[in-house]
Amino acid sequence: MHNHIILPSWLDSLIFDKMGAKYCCSNGDLTAIDWDKTQVLNYLGTYFPRSYAESLCFFKNFLNSTKAFRDCEEISLLDFGSGTGGEIIGLLTALTELRPEMKKVSVKALDGNCNALRKYEKILDEFQKHTSLEIISNISCVKIDDFYDLSVLNTIIDKNYDIIISFKAVCEFVTKQQFEEKNAYQYLASFLKERLNDNAIMLLVDISSYNNVSQQWLPDIMDEGLKEAGCVIINRNKGYNYPFFITHSRHHNDISKVAWRLIKNSTIQYLK
């Protein structure tokens, strides 16, 4: 898989020069849901480019190697824990480049940090100038405090989707123990996989570090949870994590190491 990306100049200028993003790498456990405006700008300058690179690289490889969504004029996308939307822009870029027949994408972005969602909306508005896709965007700012709150999502996520993604979001539930002693990946994957259309996919990406709260490696917790949720994993990174590299005006070859799992529903047909 190609894993080196240069942030487009228009996007680099937008987030760093116009929006005031800052590159500020932190090795601590991510809890971005509670960050204020200043912290969101640090996140925007550090993790938005990483998520953009991860998503763009993954989906370009996926779309190049499968028949997924060929001849589709319209698809729907749900991003659980979208933050500032790097993974959404990365995916939309891959669709623009590799599925030119596609005309429309409906995007549902769900996150608990309203400041981050406002940044995503501004970036998406600018992205519209660089794609032929018609993008119908719908955002929901909602916090999930524990697994009982998943029932609230039924009123927010009231349809099924062709692609569901979640990038570096579930680790926050693990860190804050919002599912008590239960496996957050299990509960969220069980909920989300029921929202997949026929021939749909779900991509779960998370940091691969050791979690100080659970005292386990996150990929191990992820695999345990997905197994308990009955998820069918059709592809995953080799080894413990996979590196992606992103170059932008504030850092050359910034590295992001993540664990990813690609999940299918039971009726998927198009994989070679």
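First things first, this report covers the structure right here in the doc. Small disclaimer: the values here were computed from a predicted structure and weren't measured.

### Some details on the pattern of salt bridges
In step 1: Evaluated as defined, the whole model comprises 9 salt bridges.
In step 2: The salt bridge partner of Lys103 is Glu73, with a shortest N-O separation of 3.6 Å. Here Lys103, found in the loop between helix 3 (86-98) and strand 3 (104-111), pairs with Glu73, found in the loop between helix 2 (37-65) and strand 2 (74-80); they are 30 residues apart in sequence, far enough to count as distant.
In step 3: For Glu73, a relative accessible area of 48% translates into the label partly exposed.
In step 4: Close ionic contact of Lys104 with Glu74 constitutes a salt bridge, the shortest N to O distance being 3.9 Å. Taken together, the residues Lys104 in strand 3 and Glu74 in strand 2 connect sequence positions 30 residues apart.
In step 5: Judged by its relative accessible area of 25%, Lys104 falls in the partly exposed class.
In step 6: Connected through salt bridges with shared partners, the residues Asp223, Arg236 and Arg261 form a single ionic network.

### Focus on the state of the cysteines
In step 1: The tally for this structure, following the rule as stated, stands at 1 disulfide.
In step 2: Here Cys114 engages in a disulfide with Cys141; their sulfurs sit 2.1 Å apart. Since a negative S-S torsion denotes a left-handed disulfide, the Cys114-Cys141 link at about -105° is left-handed. Of this pair, Cys114 sits in helix 4 (residues 114-127) while Cys141 is found in strand 4 (residues 134-141), placing the two residues 27 residues apart along the sequence.
In step 3: By relative accessible area, which is 36% here, Cys114 ends up partly exposed.
In step 4: Judged by relative accessible area, Cys141 falls into the partly exposed class, the value being 36%.

### Considerations on the side chain of His248
In step 1: Here His248 is to be found in strand 10 (residues 242-248).
In step 2: Overall, His248 belongs to the buried group, its relative accessible area being 7%.
In step 3: With residues near it in sequence (within four places) discarded, His248 still touches Leu7, Asp12, Phe16, Tyr23, Gly45 and Pro49.

### A few points about the pairing of strand 10
In step 1: For strand 10, a buried count of 6 out of 7 residues is recorded, marking the element as mostly surrounded by other parts of the structure.
In step 2: Across 3 bridges, the pairing between strand 1 (residues 4-6) and strand 10 is parallel. Counted as the bridge partner of His4 is Phe245 from strand 10.
In step 3: Taken together, the 6 bridges between strand 10 and strand 11 (residues 251-264) define a ladder with antiparallel strand orientation. Each residue of the ladder has a partner; that of Pro243, found in strand 11, is Lys257.
In step 4: Linkage of strand 10 to strand 11, two consecutive antiparallel strands, is achieved through a turn of 2 residues.

### Notes on the pairing of strand 11
In step 1: In the sheet, strand 6 (residues 196-207) pairs with strand 11 via 7 bridges, with the strands oriented antiparallel. Bridge assignment links Met202 to a residue of strand 11, and that residue is Ile263.
In step 2: Taken together, the 4 bridges between strand 9 (residues 232-236) and strand 11 define a ladder with antiparallel strand orientation. Within the sheet, the bridge partner assigned to Asn235 lies in strand 11 and is Leu262.

### Considering the side chain of Ser166
In step 1: Examined against the element boundaries, Ser166 turns out to sit in strand 5 (residues 161-167).
In step 2: By relative accessible area, Ser166 is classed as buried at 3%.
In step 3: Of the polar contacts made by the side chain of Ser166, one reaches the backbone oxygen of Phe80; its length is 3.0 Å.
In step 4: Beyond its immediate stretch of four places on either side in the chain, Ser166 contacts Asp79, Phe80, Leu203, Leu204 and Val205.

### Some words on the nonpolar core
In step 1: In terms of nonpolar packing, the biggest core is built from 52 residues, with Leu11, Ile15 and Phe59 touching the most fellow members.
In step 2: When residues in this core are grouped by element, the largest group, 10 residues, is from helix 2.
In step 3: Once you skip the residues sitting within four places of it in the chain, Ile15 turns out to touch Leu7, Gly20, Ala21, Leu44, Phe48, Pro49 and Ile123.
In step 4: Formed by 33 residues, the second largest nonpolar core is a distinct cluster that contains Ile157, Cys171, Leu192 and Leu218.

The rules we used
- Residues numbered from 1 in each chain as written.
- Predicted model: local features only at pLDDT ≥ 70, side-chain atom pairs only at ≥ 80, totals over all residues.
- Heavy atoms only, no water.
- Salt bridge = Lys/Arg side-chain N within 4 Å of Asp/Glu carboxyl O.
- Helix = DSSP H or I, 4+ residues; strand = E, 2+ residues; numbered from the N terminus.
- Buried < 20%, exposed > 50% of the residue type's maximum accessible area, 1.4 Å probe, protein only.
- Disulfide = S-S within 2.5 Å.
- Contact = heavy atoms within 4.5 Å.
- Pairing = 2+ DSSP bridges.
- Polar contact = N/O pair within 3.5 Å; in protein donor to acceptor, adjacent residues only side chain to side chain.
- Core = buried A, V, L, I, M, F, W, Y, C linked by side-chain atoms within 4.5 Å.

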